[in-house]
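One-letter residues, chain by chain:
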Amino acid sequence: MTNDQNLETAPQEVEARAVEARVEAFIGVREARRSEVAEDYVELIAELIHDNGEALPVDIATRMGVTAPTVAKTLGRLARDGLITRAKYRSVFLTEEGRALAKECRHRHEIVLRFLLSLGLDPETAERDAEGIEHHVSERTLALFADFADRS
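Each chain has its residues counted from 1, following the order in which its sequence is written. Totals for whole chains, interfaces and linings use all residues, but because this is a predicted model, local features are given only for residues with pLDDT of at least 70 and pairs of side-chain atoms are given and counted only at 80 or more. Each side-chain value is derived from all of the structure's non-hydrogen atoms; neither hydrogens nor water enter the calculation.

Asker: I'd love a proper account of the overall build of the protein chain, names of residues and values included.
Answerer: Only DSSP runs of H or I reaching four residues or more are called helices, and only runs of E reaching two or more are called strands; each is numbered from the N terminus. Helix and strand content of the protein chain: six helices and two strands. Going residue by residue from the N terminus, the α and β elements of the protein chain occur as α-α-α-β-β-α-α-α. Relative to its 152 residues, the protein chain shows a buried fraction of 30%. A separation of at least 24 residues holds for 54% of the contacts in the protein chain among residues at least 6 apart in sequence. Element-wise, carbon and sulfur atoms account for 55% of the exposed surface of the protein chain, whose accessible area totals about 10,200 Å². Partly exposed describes any residue whose relative accessible area lies between the buried limit of under 20% and the exposed limit of over 50%, with all areas from a 1.4 Å probe on protein chains only and scaled to the type maximum. Should any heavy atoms of two residues lie within 4.5 Å, those residues are considered in contact. Areas reported as accessible are Shrake-Rupley estimates using a 1.4 Å probe. Residue values count occlusion only from the protein chains shown.

Asker: Explain the packing of aromatic side chains to me, and be specific about the residues and the numbers.
Answerer: Between rings of Phe, Tyr and Trp, where Trp is taken as its six-membered ring, a pair exists when centres lie within 6.5 Å; planes separated by under 30 degrees are stacked, by over 60 edge-to-face, and by other angles tilted. This model, assessed by the stated rule, comprises two aromatic pairs. On the numbers, 3.9 Å between centres and 5 degrees between planes, the contact of Phe 115 with Phe 145 is stacked. You can see Phe 115 sitting in helix H4 (residues 96-118) and its partner Phe 145 sitting in helix H6 (residues 139-151), a full 30 residues away along the chain. Take Phe 115 and Phe 145: they sit in the same class, and that class is buried.

Asker: Tell me about the nonpolar core, and name the residues and values.
Answerer: Taken as a class, soluble globular proteins show a tendency for nonpolar side chains to be buried jointly. In plain words, nonpolar cores are sets of buried Ala, Val, Leu, Ile, Met, Phe, Trp, Tyr and Cys residues tied together by side-chain atoms within 4.5 Å. Core analysis: the biggest nonpolar cluster contains 19 residues, and Ile 45, Ile 60, Leu 75, Leu 78, Leu 83, Ile 84 and Val 92 have the highest contact counts within it. Breaking this core down by element, the ones donating at least two residues are helix H1 (3-52), helix H2 (57-64), helix H3 (68-80), strand E2 (92-94) and H4. With six residues, the single largest contributor to this core is H1. Those residues in contact with Ile 84 that sit more than four places away from it in its chain are Ile 45, Leu 75, Leu 78, Ala 79, Val 92, Phe 93, Leu 94 and Thr 95. In this structure, Ile 111, Val 112, Ala 130 and Ala 146 belong to the second largest nonpolar core, which totals eleven residues.

Asker: Tell me about the packing of H4 against helix H5 (residues 123-133), and name the residues and values.
Answerer: Running from N to C, H4 and H5 point in directions that differ by 140 degrees, and their axes come no closer than 9 Å. As the angle between them shows, H4 and H5 are arranged oblique. Two packed elements cross with a definite hand, and for H4 against H5 that hand is right-handed. On the side of H4, the interface is formed by His 109, Val 112, Leu 113, Leu 116 and Leu 117, while H5 contributes Pro 123, Ala 126, Glu 127, Asp 129, Ala 130, Glu 131 and Ile 133. What counts as an axis is a line fitted to C-alpha atoms, over the stretch in contact for a helix, and the angles between N-to-C directions run from 0 to 180 degrees. Geometric relationships in this document are graded by angle, where less than 35 degrees denotes roughly parallel, more than 145 denotes roughly antiparallel, 65 to 115 denotes roughly perpendicular, and other angles denote oblique. If you view the pair so one helix is near and one far, a crossing is left-handed when the near helix is turned anticlockwise from the far one by less than a right angle, and right-handed when it is turned clockwise.

Asker: Any chance you could break down the pattern of salt bridges for me, citing the residues and the numbers?
Answerer: Only one rule defines a salt bridge in this text: a Lys or Arg side-chain nitrogen within 4 Å of an Asp or Glu carboxyl oxygen. Summed over the entire model, instances satisfying the criterion amount to nine salt bridges. Salt-bridge contacts for Arg 106 lead to Glu 110; the nearest nitrogen and oxygen are separated by 3.8 Å. Of the two residues, Arg 106 and Glu 110 both sit in helix H4, four residues apart, roughly one turn of that helix. Using a relative accessible area of 33% as the deciding quantity, one classes Arg 106 as partly exposed. A single network of salt bridges, built from pairs that share partners, joins Glu 39, Glu 104 and Arg 108.

Asker: I'd like a description of H4, backed by residues and values.
Answerer: In this model, H4 (23 residues) spans 33 Å end to end at C-alpha, consistent with the 33 Å of a helix rising 1.5 Å per residue. Within two residues after H4, Gly 120 carries a phi angle of roughly 100 degrees, on the positive side. Helix span, as expected, comes to 1.5 Å for every residue beyond the first.

Asker: Let's hear about the side chain of Asp 40: which residues, and what values?
Answerer: Relative to the helices and strands, Asp 40 is located in helix H1. The convention is simple: Lys and Arg are positive, Asp and Glu are negative, and His and the chain ends are not counted. At 7.7 Å, Arg 108 is the nearest oppositely charged side chain to Asp 40, a buried residue that forms no salt bridge. If near-sequence neighbours (up to four positions away) are discounted, Asp 40 is found in contact with Met 64, Glu 131 and His 135.

Asker: Lay out the environment of Leu 121 in plain terms, naming residues and giving numbers.
Answerer: Its place among the elements puts Leu 121 in the loop between H4 and H5. Leu 121 gets classed as partly exposed once you look at its relative accessible area, which sits at 30%. Those residues in contact with Leu 121 that sit more than four places away from it in its chain are Leu 116, Ala 126 and Asp 129.

Read these as layout, nothing more, since geometry by itself doesn't imply function.
And the structure:
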């Protein structure tokens, strides 16, 4: 292969790698979106159990700003996924897997929140933004956020 051929294929290879990277990023975002609702629910259920001793579907609906049928549908999915147990019209409980996920979500949320606050963001905006970022941040980026927040 001549130098001219190398120069011609190099941009194509770079472009192909860029396309692959974007594909991987889009797949990652879609996966994060699929798990985002489950993560929000288990985190809220853990919080309600901690604060009130139980998590009732009506309280979940109120705190999530959604309807009771939406909560019922989502709780059904969470039960099928092994994250909760429940009885109709009764409290919702986290399984061991659900508690582990809730703990992990809370940890990610706290790191992102500390990072945003260390940048000087006001607490209200930091809390709202952390709620979205926590679901989409990679472990590597999360570690950098934690390091930065710890140094600040």
